[in-house]
Amino acid sequence: MIETRCISLAGVAIYLFLGTHAWAGDNEGDVAFGEYLSSQCVTCHQLSGASNGIPPIVGWDTTSFYQVMDTYRQKARENKAMQTIAAGLSDHDIKSLAAYFATIETTEN
Ligand code: HEC
């Protein structure tokens, strides 16, 4: 009995921690989680904001970023690579990526 209660209390604590943690980022995104996910993006997209034939994605506002990713996910915008990548991302993943990339200032001008 006591053990079960302890476990459920721990569950609540983790839930609350993750909940507030997610809110800490802009627009429900979690910057640290977005940074973690971004490793799969920066092989193509330059963190410096340079466009090497691939458009820069740093310094965007989070709403536009989310909308663009969602159009790839819905296959409303053509690009096989981006459609495949976006299809594997949840709303929270995209919002976290948006929050992270929004914090990066372009060094290219
Ligand atoms: C295989 C290379 C590749 C990878 C990996 C990749 N992208 Fe892209 N991305 C592209 C290309 C190419 C385009 C331009 C496609 C087009 O013209 O619609 C693009 C376009 C975009 C755009 C729209 C840019 C604009 O100016 O409209 C966003 C936002 C974006 N990618 C985000 C991401 C994110 C976030 C990730 C990681 C989860 C990612 N991409 C991973 C190649 C890649």
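Residues numbered from 1 in each chain as written. Predicted model: local features only at pLDDT ≥ 70, side-chain atom pairs only at ≥ 80, totals over all residues. Heavy atoms only, no water.

S.K.: Would you explain the coordination of the iron atom of the ligand in this entry?
M.R.: Ideal coordination angles are 109.5 degrees for a metal with four donors arranged tetrahedrally and 90 or 180 degrees for a metal with six donors arranged octahedrally. At the metal site, the iron atom of the ligand is ligated by H45 (NE2) and M82 (SD), and these contacts range over 2.0 to 2.2 Å. Classification of the site at the iron atom of the ligand as octahedral follows from its six donor atoms and the range of 87 to 178° in their angles at the metal. With H45 in the loop between α2 (31-37) and α3 (62-73) and M82 in helix α4 (residues 80-87), this residue pair connects regions lying 37 residues apart in the sequence. What makes H45 buried here is its relative accessible area of 11%. (Donors = N, O, S within 2.8 Å, 3.2 Å for Na, K, Ca; no water. Tetrahedral: all angles 85-135°; square planar, octahedral: opposite > 155°, others 65-115°. Helix = DSSP H or I, 4+ residues; strand = E, 2+ residues; numbered from the N terminus. Buried < 20%, exposed > 50% of the residue type's maximum accessible area, 1.4 Å probe, protein only.)

S.K.: Looking at this structure, how should I read the pattern of salt bridges?
M.R.: Two side chains carrying opposite charge are able to pair once their charged atoms lie near each other. With the rule as written, the count across this model stands at three salt bridges. Notably, a salt bridge pairs R73 with D70, separated by 2.9 Å at the nearest N-O pair. Within this pair, R73 and its partner D70 are both found in helix α3, separated by three residues, close to a single helical turn. On the basis of relative accessible area, D70 is assigned to the buried category, the value being 19%. Put simply, R73 and D91 hold a salt bridge, and the shortest N to O gap is 2.5 Å. Of this pair, R73 sits in helix α3 while D91 sits in helix α5 (residues 91-103); the two residues are 18 residues apart in sequence, bridging distant segments of the chain. Judged by its relative accessible area of 36%, D91 is partly exposed. Within the structure, one salt-bridge network assembled from shared partners comprises D70, R73 and D91. (Salt bridge = Lys/Arg side-chain N within 4 Å of Asp/Glu carboxyl O.)

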